[in-house]
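Given next are the chains, with one letter for each unit.
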Amino acid sequence: MKLIFAALAGLLLLLVGSGCQSFSKLPSGNLAEVTILNQPDAAIMQATTNVFVSHGFSVANQAADQCTFRRPGTRADNIAYGNSLFDEKVTLQVVVQIDRLDAQSAVLGCKANLVQEANDPFFSDSHPVGRFSRSPYEEMLKDVKTQLGQ
């Protein structure tokens, strides 16, 4: 009886573990994304910058089709991923990218990570934001779409 219970528990753990991975991200690998129609990349990137800056992010790096935004992590982020002994803070880093589907449509998608030691490339450590925390990013991308009149 213990063997059957152990086998069932192991099977359940395997199914739950693999199931979470398959639903953790969109097929594109983005945490969140929206499709934008009939807008040039420059207009999409300008609207994206406006929205993210209005939500407390600063621009860390920008190109024609991609932008990296950063802001300090929350207190909960610092408790979970920081180091209070050394007063190490966590930075929320979001990479937003435009992927053209065709001349009239583009996918605006983002990936978000909590980064420890963001200013030290040698000791930096990154933790992806999980799917249960995706709603703020979905809302910001929808705000970008709204700013573009869609």
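These figures come from a predicted structure and were not determined experimentally. (Residues numbered from 1 in each chain as written. Predicted model: local features only at pLDDT ≥ 70, side-chain atom pairs only at ≥ 80, totals over all residues. Heavy atoms only, no water.)

Participant: Even after reading the chapter, I still don't get the overall build of the protein chain, so can you show me in this structure?
Facilitator: Check the secondary structure of the protein chain and you find four helices and six strands. Listed by position from the N terminus, the elements making up the protein chain come as α-β-α-β-β-α-β-β-β-α. Taken over 150 residues, the protein chain has a buried fraction of 30%. The contacts in the protein chain between residues at least 6 apart in sequence include a share of 56% that link residues at least 24 apart. Split by element, the accessible area of the protein chain, about 9,500 Å² in all, is 59% carbon and sulfur. (Helix = DSSP H or I, 4+ residues; strand = E, 2+ residues; numbered from the N terminus. Buried < 20%, exposed > 50% of the residue type's maximum accessible area, 1.4 Å probe, protein only. Contact = heavy atoms within 4.5 Å. Areas by Shrake-Rupley, 256 points an atom, 1.4 Å probe, with all protein chains shown as cover.)

Participant: Honestly, the packing of helix 2 (residues 41–54) against helix 4 (residues 135–147) in this entry has me stumped. Any pointers?
Facilitator: Helix packing geometry: the angle between the two helix axes and the distance between the axes. Packing of helix 2 against helix 4 brings their axes to within 9 Å, and their N-to-C directions diverge by 130°. Regarding the angle of helix 2 to helix 4, the classification is oblique. Along this stretch, helix 2 crosses helix 4, giving a crossing that reads as right-handed. In this structure, helix 2 contributes Ile-44, Ala-47, Thr-48, Asn-50, Val-51 and Phe-52 to the contact, and helix 4 contributes Met-140, Leu-141, Asp-143, Val-144 and Gln-147. The residue makeup of the contact of helix 2 with helix 4, split by class, is seven nonpolar, three polar and one charged. (Axes fitted to C-alpha atoms, helices over the stretch in contact; angles between N-to-C directions. Parallel < 35°, antiparallel > 145°, perpendicular 65-115°, else oblique. Left-handed = near helix turned anticlockwise from the far one by under 90°. Nonpolar A, V, L, I, M, F, W, Y, C, P; charged D, E, K, R; others polar.)

Participant: I tried to follow the packing of aromatic side chains on my own but got confused; where do I start?
Facilitator: Under the criterion given, the structure shown has two aromatic pairs. Seen from their ring centres, Phe-52 and Phe-69 are 4.6 Å apart, and the 15° between their planes marks the pair as stacked. Placement of the pair is Phe-52 in helix 2 and Phe-69 in strand 3 (residues 66–72), with a sequence separation of 17 residues. Through a chain of ring-to-ring contacts, the aromatic side chains of Phe-52, Phe-57 and Phe-69 assemble into a single cluster. (Phe/Tyr/Trp six-rings, centres within 6.5 Å; stacked < 30°, edge-to-face > 60°.)

Participant: Help me out: how do you make sense of helix 2 in this one?
Facilitator: Think of an α-helix as turning once every 3.6 residues; residues three or four places apart then point the same way. Its 14 residues give helix 2 an end-to-end C-alpha distance of 20 Å, which sits within 8% of 20 Å, the value for a rise of 1.5 Å per residue. Within helix 2, the full set of buried residues consists of Ile-44, Met-45, Ala-47, Thr-48, Thr-49, Val-51 and Phe-52. Along its buried surface, helix 2 packs onto strand 1 (32–37), strand 2 (58–62), strand 3, strand 4 (90–100), strand 5 (105–116) and helix 4. At the exit of helix 2 stands Gly-56, carrying a positive phi of roughly 90°. (Expected span 1.5 Å × (residues − 1).)

Participant: Can you help me understand the pairing of strand 4 in this one?
Facilitator: As judged from the seven bridges shared by strand 3 and strand 4, these two strands associate in the antiparallel manner. From the neighbouring strand, Pro-72 faces strand 4, where its bridge partner is Thr-91. Relative to strand 5, strand 4 is paired through eleven bridges, and the arrangement is antiparallel. Looking across to strand 5, one finds that Gln-97 is bridged to Gly-109. (Pairing = 2+ DSSP bridges.)

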